[in-house]
Amino acid sequence: MTYVITGSCIKDDSCIEVCPVDCIHPKPGAPDFETAEQLYIDPAVCIDCDACVEACPVDAIFAEFEVPEKFAYALELNADFFAELSTAERTAA
Ligand code: SF4
Ligand code: SF4
């Protein structure tokens, strides 16, 4: 399972600060932070600890099985962000 960030995210990075496995990106200062529409959770790394849900001031984070229907697209969106990132890293290498 994973947690998912949805379109309500205001990029205040509260979730990044509490995530014990550092799986929320992009981080402030990263090249793609300013242009990102929201932050994303890496589904391969998230350990479902729930800490980010408590920290989020706008309730933008949901457990995978609790994502509201209107944000259903966000599950794939979060995963795609990391799929594209690893492709870019492979291309750069
Ligand atoms: S549920 Fe825990 S591990 Fe997953 S993104 Fe949130 S804080 Fe990080
Ligand atoms: S805490 Fe919520 S609003 Fe803030 S960056 Fe994380 S998901 Fe976005």
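Our subject is the structure that appears above.
Residues numbered from 1 in each chain as written. Chains lettered and ligands numbered in written order. Predicted model: local features only at pLDDT ≥ 70, side-chain atom pairs only at ≥ 80, totals over all residues. Heavy atoms only, no water.

Colleague: Is there a simple way to think about the site of ligand 2 in this case?
Modeller: For ligand 2, the set of nearby residues contains 13 residues, the closest of which are Cys 9, Asp 12, Asp 13, Cys 15 and Cys 56. In the shell around ligand 2, the residues fall into nine nonpolar, one polar and three charged. (Near = heavy atom within 4 Å. Nonpolar A, V, L, I, M, F, W, Y, C, P; charged D, E, K, R; others polar.)

Colleague: Sorry if this is basic, but what is going on with the environment of Ile 24 here?
Modeller: In this structure, Ile 24 sits in strand E2 (residues 24-25). We classify Ile 24 as buried; its relative accessible area is 2%. Counting along the chain gives 49 residues from Ile 24 to Tyr 73, while the straight-line C-alpha distance between them is 18 Å. (Helix = DSSP H or I, 4+ residues; strand = E, 2+ residues; numbered from the N terminus. Buried < 20%, exposed > 50% of the residue type's maximum accessible area, 1.4 Å probe, protein only.)

Colleague: Is there a simple way to think about the side chain of Asn 78 in this case?
Modeller: Counting through the fold element by element, Asn 78 comes out in helix H3 (residues 73-92). Judged by its relative accessible area of 1%, Asn 78 falls in the buried class. Excluding anything up to four places from it in sequence, Asn 78 contacts Val 4, Ile 5, Gln 38, Leu 39, Tyr 40 and Ile 41. (Contact = heavy atoms within 4.5 Å.)

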